[in-house]
Amino acid sequence: MLKAEQLCKTYRRNADSVQVLNGISLTVRDGEFLSIVGASGSGKSTLLHVLGTLDSPDSGTISVDGKRIDNISNRERDRIRNATFGYVFQFYHLLPELSAYDNALMPAYISESFFGWMKNRKQWRKRVDELFERVGLSHRTTHKPRELSGGEMQRCAIARALLQRPRVVLADEPTGNLDTEKGNEIMSLLHDLNRHDGVTIVMVTHNLEMAATTHRTIRISSGRIAEEKGPTFRPRILSAVS
Amino acid sequence: MYKFLLCLKYLRTRYLAFVCIISIMLGVATLIVVNSVMSGFSNKLKDRLRGVLADVIVETDHFGGFDLHPDLLEDRIRRSPAGKYVDTIAPSVEVVGTVQFQFRGMNIVKPIKLLGVDPVRQTKVGGFGNYLTRQKVLPAPSFELTSEALQLFDKNVRLESMLEPPPPPVSSTAKKDSDFLGPEPVLIDDPKAIPLPPVPDANLPEFQDPKPIGIIVGHSLAHFRYKNPDTGVIEEVPGLRPGDHVMIATLAANEMRPVWGTYVVTDYFKSEMSEYDSQFIYMDLPDLQRLRKMGDRVTHLQIKVTDDCPKGYMFVKPNVSNEIQKLFGKFEARAATWEDHQGPLLAAIDIERGILNLLLFMIVGVAGFSILAIFTMIVSEKIRDIGILKSLGASNHGVMGIFVWYAFLLGIVGCAAGTAMGLGITENINEIETFVNEQTGQQLFDRSVYYFDKIPTNIEVSTVLIVNAGALLVAVMSSFLPAFRAARLRPIQALRFE
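Bear in mind that the values here come from a model prediction, so they are computed numbers and not experimental data. (Residues numbered from 1 in each chain as written. Chains lettered and ligands numbered in written order. Predicted model: local features only at pLDDT ≥ 70, side-chain atom pairs only at ≥ 80, totals over all residues.)

A.B. asks: Please explain the overall build of chain A as it appears in this structure.
C.D. replies: Across its full length, chain A holds eight helices and 10 strands. Counting only residues that meet the buried cut, chain A has 45% of its 242 residues in that class. Within chain A, contacts between residues separated by at least 24 positions form 69% of all contacts whose residues are at least 6 apart in sequence. (Helix = DSSP H or I, 4+ residues; strand = E, 2+ residues; numbered from the N terminus. Buried ≥ 20, exposed ≤ 12 C-beta atoms within 10 Å, placed from the backbone. Contact = placed C-beta atoms within 7 Å.)

A.B. asks: Where do I start with the overall build of chain B in this structure?
C.D. replies: What chain B contains, in helices and strands, is 16 helices and 11 strands. Residues counted as buried form 41% of the 498 residues belonging to chain B. The long-range fraction of contacts in chain B, counting pairs at least 24 apart against all pairs at least 6 apart in sequence, stands at 80%.

A.B. asks: Hey, could you run me through the interface of chain A and chain B in this one?
C.D. replies: Size of an interface: often given as the accessible area lost when the parts come together. At the junction of the two partners, chain A supplies 24 residues and chain B supplies 19 residues. Mapped onto the side of chain A that touches chain B, the elements with two or more residues apiece are α2 (74-84), α3 (100-111) and α4 (114-135) of chain A. If you tally residues by element for the side of chain A that touches chain B, the top one is α2(A), at six residues. Here the residues of the side of chain A that touches chain B are counted per class, giving 11 nonpolar, six polar and seven charged. (Nonpolar A, V, L, I, M, F, W, Y, C, P; charged D, E, K, R; others polar.)

A.B. asks: Mind showing me how you'd approach the environment of M38(B) here?
C.D. replies: Residues and elements named next belong to chain B. In this structure, M38 sits in helix α2 (residues 16-50). As for M38 and L356, which are separated by 318 residues in sequence, their C-alpha atoms are 9.1 Å apart. Residue contacts for M38: discarding those within four places in its chain leaves R353 and L356.

A.B. asks: How should unusual backbone geometry be read in this particular structure?
C.D. replies: Excluding glycine, a negative phi dihedral is what most residues carry, and trans is how most peptide bonds are arranged. Positive phi, normally seen in glycine, also occurs at Q6(A), with a value near 50°. Along the chain, the position of Q6(A) falls in strand β1 (residues 2-13).

A.B. asks: So what exactly am I meant to see when it comes to the environment of V320(B) here?
C.D. replies: Here V320(B) is to be found in helix α10 (residues 318-326). Separated by 15 residues in the primary sequence, V320(B) and V305(B) place their C-alpha atoms 8.2 Å from one another.

A.B. asks: I'm lost on the nonpolar core in this one. Help?
C.D. replies: Soluble globular proteins tend to pack their nonpolar side chains together in the buried interior. Counting residues in hydrophobic clusters, the biggest one holds 115 residues, and the most contacted among them are A159(A), V202(A), I24(B) and F403(B). Those residues in contact with I24(B), other than ones at most four positions away along the chain, are A367(B), L410(B), G411(B), G414(B), C415(B), G418(B), A471(B) and A475(B). In this structure, A82(B), A253(B), V264(B) and Y268(B) belong to the second largest nonpolar core, which totals 71 residues. (Core = buried A, V, L, I, M, F, W, Y, C linked by C-beta atoms within 7 Å.)

A.B. asks: How should the sheet that holds strand β5 (residues 67-68) of chain A be read in this particular structure?
C.D. replies: Adjacent strands of a sheet form backbone hydrogen bonds with each other and so pair up, either parallel or antiparallel. All names here are of chain A. Pairing is antiparallel in the open sheet, where four strands are placed in the order β2-β1-β4-β5. Across the chains shown, the open sheet's two edge strands, defined by having one partner strand only, are β2 (16-28) and β5. Alignment of β1 against strand β4 (residues 59-64), held across five bridges, turns out to be antiparallel. When the sheet's bridge partners are listed, E5 is paired in β4 with T61. (Pairing = 2+ DSSP bridges.)

A.B. asks: So what exactly am I meant to see when it comes to the confidence of the model for chain A here?
C.D. replies: Predicted coordinates in regions of low pLDDT should not be interpreted in detail. Across chain A, pLDDT averages 85, with 95% of residues at or above 70. Low pLDDT, under 50, characterises residues 237-242 of chain A; the stretch is placed with four contacts to residues that sit more than four places away or in other chains. (pLDDT = per-residue confidence, 0-100.)

A.B. asks: Just to check I follow, could you spell out the packing of α3(A) against α4(A) for this structure?
C.D. replies: Think of two packed helices as two axes; the pair is described by the angle between the axes and how far apart they sit. Residues and elements named next belong to chain A. Between α3 and α4, whose axes approach to 10 Å, the crossing angle comes to 130°. By the angle between their axes, α3 is oblique relative to α4. Seen from above, α3 lies across α4 with right-handed handedness. Contact residues: Y101, A104, L105, A108 and Y109 in α3; W117, W124, V128 and L131 in α4. Partitioned by chemical class, the residues of the contact of α3 with α4 number nine nonpolar, no polar and no charged. (Axes fitted to C-alpha atoms, helices over the stretch in contact; angles between N-to-C directions. Parallel < 35°, antiparallel > 145°, perpendicular 65-115°, else oblique. Left-handed = near helix turned anticlockwise from the far one by under 90°.)

A.B. asks: Would you take a moment to explain the confidence of the model for chain B for this structure?
C.D. replies: All names here are of chain B. In the predicted model, chain B carries a mean pLDDT of 78, and the fraction of residues at 70 or more is 84%. Helix α13 (residues 396-427) holds the highest mean pLDDT among the elements of chain B, 91, whereas helix α6 (residues 205-208) holds the lowest, 42. Low pLDDT, under 50, characterises residues 173-182; the predicted model gives this stretch 20 contacts beyond four residues in sequence or across chains. A low-confidence stretch, residues 202-209 stays under pLDDT 50, and its non-local contacts, those more than four residues away or across chains, total six contacts. As scored by the predictor, the complex reaches a pTM of 0.69 and an ipTM of 0.88.

A.B. asks: Would you explain the packing of helix α11 (residues 338-381) of chain B against helix α15 (residues 461-488) of chain B in this entry?
C.D. replies: Residues and elements named next belong to chain B. At their nearest, the axes of α11 and α15 sit 8 Å apart, and the two run at 25° to each other. What the angle tells us is that α11 and α15 run roughly parallel. In the packing of α11 onto α15, the handedness of the crossing is right-handed. Contact with α11, carried on its side by F361, V364, G365, A367, G368, F369, I371, L372, F375, T376 and V379, involves G470, A471, V474, A475, M477, S478, S479, L481, P482, R485 and A486 of α15 and no other residues of that element.

A.B. asks: What's the story with the sheet that holds strand β7 (residues 168-172) of chain A in this structure? I'm lost.
C.D. replies: Residue and element names in this part refer to chain A. One open sheet accounts for six strands, arranged β6-β7-β8-β3-β9-β10; its pairing is mixed. The open sheet is flanked by β6 (85-88) and β10 (224-229), the only strands paired with a single partner. Direction aside, neighbouring strands of the sheet carry axes that sit 20° apart on average. In this structure, strand β3 (residues 33-38) lies alongside strand β9 (residues 216-221), joined through five bridges in parallel fashion. Bridge pairing in β9 places L34 opposite R216. Packed on one face of the sheet, helix α5 (residues 150-162) meets β6 and β7 and runs near 170° to β6.

Structure, rendered in structure tokens:
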């Protein structure tokens, strides 16, 4: 369970200061598919980054399963970025020199030392093969990002986000750079992952139709939660497990 | 793990990196070539400087020579604490003089240094016989006229000599020096000690029908070098051939009075040290002693020390020379090693090499700055990738490591290529020089300046290793700043960078 309380964040540039987050509190339950909508500059992307430790809040706390993650050491923070969260970005953000396969394996390359990698590489490769199968990219593993289409790059990025079996996938406008058709394909993939694999997803989007298909939608305006729809999500499977 | 992966990927895909590799390569190659050539020159020059010098040289400022008979001097040295290290002692006389001869109708007079030596002993202490160009009669060279010289010798030449001998030298006052050690000297003017040479008479047939006396002339003294205007090649024309006669004039031992005689060239002396080759004329020790009317006196003792004498790099045998110095009065004689004699020159070679290295290492410094510049560019180009890596959990150290390892890899590749190139050039430097010569008509290595017909090289493994280590260090150090900048980037800043 990802929980944020009273998050505040102000960007200062010279004399101007913009309060991007103005006391946002939010709870994401395991297995939930949450969407965040809002006008440009409303702070939704910043909220996502702060939740995922890519940015730090000025005040307020964030915790995963009751353990705070906003005031931890760099080392722990790197671990959390690597294994607790998976990121999907609007511009895919794949490394251009590496093949789709190596890109998806990057979190493992980062978490493993040289010898650790040598020892565990078979498991990792198996895991990546499964994920590529799951996101539908098995036929293009050796291609470099520039040889892939936008949809394929986003599938690769999703595979990378899922590699370490993260607690939460944070998706920043994952369909923002794709046409409607490809965008819908990606959305159905995310829904599928959420429904069948129990992946928790927090997604920022401009597309209200897509947002409507998720369990719960939060609208952000001027750094505050302006409106909340849902939840349509009943965490029945997980409550049965726990 | 990702560090190595990315380093290798970047190495293979970044063309900018080749600029770094090439600048390191050129720096390393230049340093290796220059050091090898400098070291070759320096070794060769040291050999040359050493030339005919013995390990330890004892000389007196007294123009008439030591007061003691050379055998007594030798005895005194052998009985001293340094004696066990003394292998051979060669007495000699060195004196300034002039030589005069005819060349194509011209009357040539040149200043010379006249050396009276015992050829066999001199060969033992200073390799004298090794430098003779005509006779290959080692280990016993001589001043006897060679068959070649005898054949060319013009029997009609009147061999003249200063006929009237001056009185034999009186002993100096050096023996009264309070520093004087050793046994009571036996003076040369004591008739019981050494008989004076027979006083030659002008009418004696010995001088009317004299036997030609051989001398050995420095190669450059006997040859004229000029540039052939047609071919541009330096050519040597012999001004003195074996069998030619010369007049040699010098000063008598005991008073300011010229003495001269006619001698016949038997051989050339070629040590390739221009100072020696253009000034030295050797003659048999008794001949010079007789010319200068100095009895059995000598002015120099050349000492070869034994092989088991402890040696060092520079100023090798100070102890032997110090011990020998103690045997003589402060002003009576000076004992010094050959390095003492050539000390300033030897030091100059080393200083020159040190400064050249310092300057050339700046080439590697320039390579370092090109790495700094290029890495700053690569980091700028890779800001987004750095953001991605950080969002995937890469640590600051890890990101820094990518770039430092990358620089290290570039350094390794550059050093390897540079070492290969440097060694290749050094090995083939003479061929390269010939090639450049043919293509441009410019002579890079003027053989008329040096007496080497080849560019000497000496590859020192330690120098190659130090150059490589230095270049690697510079490569890694200059990557620190850009790498540090990369490490400090916050992922959000980096990801927003489009």
